[in-house]
Amino acid sequence: MNKKPHKNKKKPFHLIDRLIAFVTDMFMINMPILYITTYFVLGSKEAFLENHIAIFVCVILFGIITALFFAASGQTPGYRYARIKLVQEGADIQKPSFLVAFLRYLLWIFSMACVVGVLLALFRKDSKTLYDLVCHTKVVSLEKL
């Protein structure tokens, strides 16, 4: 019998990995920012809810921190847990710059607000969202690298 050599099947990239990374980042990065701002800086939940500047600062701070993670290693804690990485498209696999990562975050906010930008990934073979298309980035599985 002629047997072909067994090839290791690599884990395919799924959108569920991005969802796992998102939830992990919300708990590991965003929740501490919100908790510290709410209870240590402002003193109460009511004060936080009434202070739109504090809410805006928390949103921007989360974006800056995630952009720093992406610029430093291509991974946030959630991406590392989900074993995925954000890379700049091109011939060479490289991590995005801070400005590209921060622009991607701002476009993520826009995409989440209008939902179409995020749902775009469901209809594309490469699972790219609007913010990935505009910033020329892609999310890859570490098993494929």
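**Q** Is there a simple way to explain the side chain of T66 in this structure?
**A** Topologically, T66 is positioned in helix α3 (residues 52-73). Apart from the residues within four sequence positions on either side, T66 is in contact with I29, T76 and Y105.

**Q** I keep staring at the packing of helix α1 (residues 15-42) against α3 and nothing clicks. Help me out?
**A** Helix packing for two helices is described by the angle between their axes and how far apart those axes are. Orientation of α1 relative to α3, taken along the N-to-C sense of each, is 145°, at an axis distance of 10 Å. Where α1 crosses over α3, the two elements pack in a sense that is right-handed. Contacts from D25, M26, I29, N30, I33, L34, T37 and L42 in α1 reach A54, C58, L61, F62, I65, T66 and F69 in α3. Tallied by class, the residues present in the contact of α1 with α3 amount to 11 nonpolar, 3 polar and 1 charged.

**Q** What should I look at first to understand unusual backbone geometry in this one?
**A** Working note: non-glycine residues mostly have negative phi, and peptide bonds are mostly trans. Positioned with a positive phi, V115 is a non-glycine residue whose angle comes to about 65°. Tracing the chain through its elements places V115 in the loop between α5 (98-114) and α6 (116-119). The class of V115 is partly exposed, set by a relative accessible area of 41%. Even without glycine at this site, S127 takes up a positive phi of about 60°. Note that S127 resides in the loop between α6 and α7 (130-135). Its relative accessible area of 12% is what places S127 among the buried residues.

**Q** What should I look at first to understand the side chain of K128 in this one?
**A** Within the element layout of this structure, K128 appears in the loop between α6 and α7. Those residues in contact with K128 that lie beyond four places of it in its chain are E89, L120, A121, L133, T137 and K138.

**Q** Quick question: what am I supposed to make of the packing of aromatic side chains here?
**A** In this description, an aromatic ring pair is defined by two values, namely the gap between the centres and the angle between the planes. Tallied over the entire structure, the rule returns 8 aromatic pairs. Look at F62 and Y105: their rings are 5.8 Å apart centre to centre, the planes differ by 70°, and that puts the pair in the edge-to-face class. Separated by 43 residues along the polypeptide, F62 in helix α3 and Y105 in helix α5 bring together distant segments of the chain. With relative accessibility at 5%, the residue F62 sits in the buried group. An angle of 25° between the planes, with centres 5.7 Å apart, marks the rings of Y105 and W108 as stacked. Of the two residues, Y105 and W108 are both situated in helix α5; the distance of 3 residues between them amounts to about one turn of the helix. Residue class for W108 comes out buried when judged on its relative accessible area of 18%. An aromatic cluster is built from F22, F62, F98, F102, Y105 and W108, whose rings are joined through pairwise contacts. Between R104 and the ring centre of F70, over which it is positioned, the NZ or CZ distance is 5.7 Å.

Parameters and conventions
Residues numbered from 1 in each chain as written. Predicted model: local features only at pLDDT ≥ 70, side-chain atom pairs only at ≥ 80, totals over all residues. Heavy atoms only, no water. Helix = DSSP H or I, 4+ residues; strand = E, 2+ residues; numbered from the N terminus. Contact = heavy atoms within 4.5 Å. Axes fitted to C-alpha atoms, helices over the stretch in contact; angles between N-to-C directions. Left-handed = near helix turned anticlockwise from the far one by under 90°. Nonpolar A, V, L, I, M, F, W, Y, C, P; charged D, E, K, R; others polar. Buried < 20%, exposed > 50% of the residue type's maximum accessible area, 1.4 Å probe, protein only. Phe/Tyr/Trp six-rings, centres within 6.5 Å; stacked < 30°, edge-to-face > 60°. Lys NZ or Arg CZ within 6 Å of the ring centre and 35° of its normal.

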